[in-house]
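# Remarks on the overall topology
Here's the letter readout for the chains.
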Amino acid sequence: AEFDCAGFCNGPFVEDCNGECNGSAVVDECGICGGDGTSCSDTGGDDGSELGGYPPEWDTDGDGLFDDITGYQYSNSLTSQITMDGTDIGSSGDMFAAFVDGELRGIAPEYSVTFGPNSGSTFFLILIYSNVSSGETVEFKFYDAETDLVYNINETYVFVADDPQGDLFTPLVFTTGDVDESYGT
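Residues numbered from 1 in each chain as written. Predicted model: local features only at pLDDT ≥ 70, side-chain atom pairs only at ≥ 80, totals over all residues. Heavy atoms only, no water.

## Observations regarding the overall build of the protein
- Tallying secondary structure elements over the protein gives zero helices and nine strands in all.
- Starting at the N terminus, the α and β elements of the protein follow one another as β-β-β-β-β-β-β-β-β.
- Put simply, of all contacts in the protein between residues at least 6 apart along the chain, 58% involve residues at least 24 apart.
- Accessible area for the protein stands at about 9,200 Å²; split by element, carbon and sulfur atoms hold 47% of it. (Helix = DSSP H or I, 4+ residues; strand = E, 2+ residues; numbered from the N terminus. Contact = heavy atoms within 4.5 Å. Areas by Shrake-Rupley, 256 points an atom, 1.4 Å probe, with all protein chains shown as cover.)

Shown next, in the form of structure tokens:
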């Protein structure tokens, strides 16, 4: 017999892409868990070089979509908050990206928390992909739409499949490091 995420034998409940039992979040056509399908549209600068508000280098084939999402066997979700000097710096248009050895493995737009103790904060509900069930070191970058800068994130994460981390009450807190000058932002 198999148990569903709520503990019922042969029950009907499954986890959504955020790892929430019987949740409603799905991966949109842009590869964003809980996204609305707009993050991969051409909403960038006047010349259209920034697709969906993130650096064009993050889209290796230039199609405006998260590349090769179906090419991965495993995933895990992180509910994250980005801070600078202890202050929540997420805002409209920002993006949080996960990389393994320089390869984009997940990307998330901002998510405005509207309830609970973090109401008014901006989080990032990122789904990270891998072809190994655990052990890969994930590095992160943060695109700040207000300053048009990409920041390296100080913390890393060792990937473990199907082990959601953080939630809207207790997110994983990441801190910005230095500006990544390799991006043409």
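## Examining the pattern of salt bridges
- Counted by the stated rule, this structure contains three salt bridges.
- For the salt bridge of Glu103 with Arg105, the shortest nitrogen-to-oxygen distance reads 2.7 Å.
- Judged by its relative accessible area of 37%, Glu103 falls in the partly exposed class.
- A relative accessible area of 7% places Arg105 in the buried class.
- When the shortest N-O distance is used, the salt bridge between Lys141 and Asp180 registers 2.6 Å. With Lys141 in strand β6 (residues 134-144) and Asp180 in the segment after β9 (172-179), this residue pair connects regions lying 39 residues apart in the sequence.
- Note on Lys141: relative accessible area 15%, which makes it buried. (Salt bridge = Lys/Arg side-chain N within 4 Å of Asp/Glu carboxyl O. Buried < 20%, exposed > 50% of the residue type's maximum accessible area, 1.4 Å probe, protein only.)

## A word on the pairing of strand β8 (residues 157-160)
- Of the two faces of β8, only the one carrying Tyr157 and Phe159 is buried; Val158 and Val160 on the other face are not.
- Relative to β8, β6 runs antiparallel, the two sharing three bridges. Note on β8: the bridge partner recorded for Ser134 is Val160. (Pairing = 2+ DSSP bridges.)

## Things to note about the state of the cysteines
- One pass over the structure, following the stated rule, counts one disulfide.
- Each sulfur of the disulfide joining Cys5 and Cys21 lies 2.1 Å from the other. Here the S-S torsion is close to 80°, and the disulfide linking Cys5 with Cys21 is therefore right-handed. On the criterion of sequence distance, the pair formed by Cys5 in the segment before β1 (74-84) and Cys21 in the segment before β1 is long-range, its members being 16 residues apart. (Disulfide = S-S within 2.5 Å.)

## Things to note about the nonpolar core
- With 19 residues, the main nonpolar core has Ile82, Phe96, Ile128, Val138 and Phe140 as its most contacted residues.
- When contributions to this core are tallied by element, the ones reaching two or more residues are β1, β3 (95-100), β5 (122-130), β6, β7 (149-153) and β8.
- With residues up to four places along the chain from it excluded, the contact list for Ile128 reads Tyr74, Ser75, Asn76, Leu78, Ala98, Arg105, Val138, Phe140, Tyr157 and Phe159.
- In terms of nonpolar packing, the next biggest core, distinct from the first, is built from 17 residues, Cys17, Cys33, Phe66 and Leu104 among them. (Core = buried A, V, L, I, M, F, W, Y, C linked by side-chain atoms within 4.5 Å.)

## Structural notes on the side chain of Thr176
- Note that Thr176 resides in strand β9.
- Residue contacts for Thr176: discarding those within four places in its chain leaves Ile82, Thr83, Met84, Ile89, Phe142, Tyr151, Asn152, Ile153 and Asn154.

## With respect to the layout of surface pockets
- Of the volumes computed, that of the largest pocket is approximately 350 Å³.
- Residues belonging to the lining of the largest pocket are distributed by class as follows: seven nonpolar, seven polar and three charged. (1 Å grid on protein atoms, 1.4 Å probe; cavity = no way out; pocket = protein on both sides within 12 Å on 5 of 7 lines; lining within 4 Å. Points joined across faces, edges and corners; volume = space filled by probe spheres on them. Nonpolar A, V, L, I, M, F, W, Y, C, P; charged D, E, K, R; others polar.)

## So, unusual backbone geometry
- Not every positive phi belongs to a glycine, and Asn10 is a case in point at roughly 50°.
- Along the polypeptide, Asn10 turns up in the segment before β1.
- Here Asn10 falls in the exposed class, since its relative accessible area comes to 59%.
- Backbone geometry at Asp101 places phi at a positive 50°, although glycine is not the residue there.
- Among the secondary structure elements, Asp101 is positioned in the loop between β3 and β4 (103-112).
- Under the relative-accessibility criterion, Asp101 is labelled exposed at 77%.

Taken by themselves, the reported measurements are silent on function.
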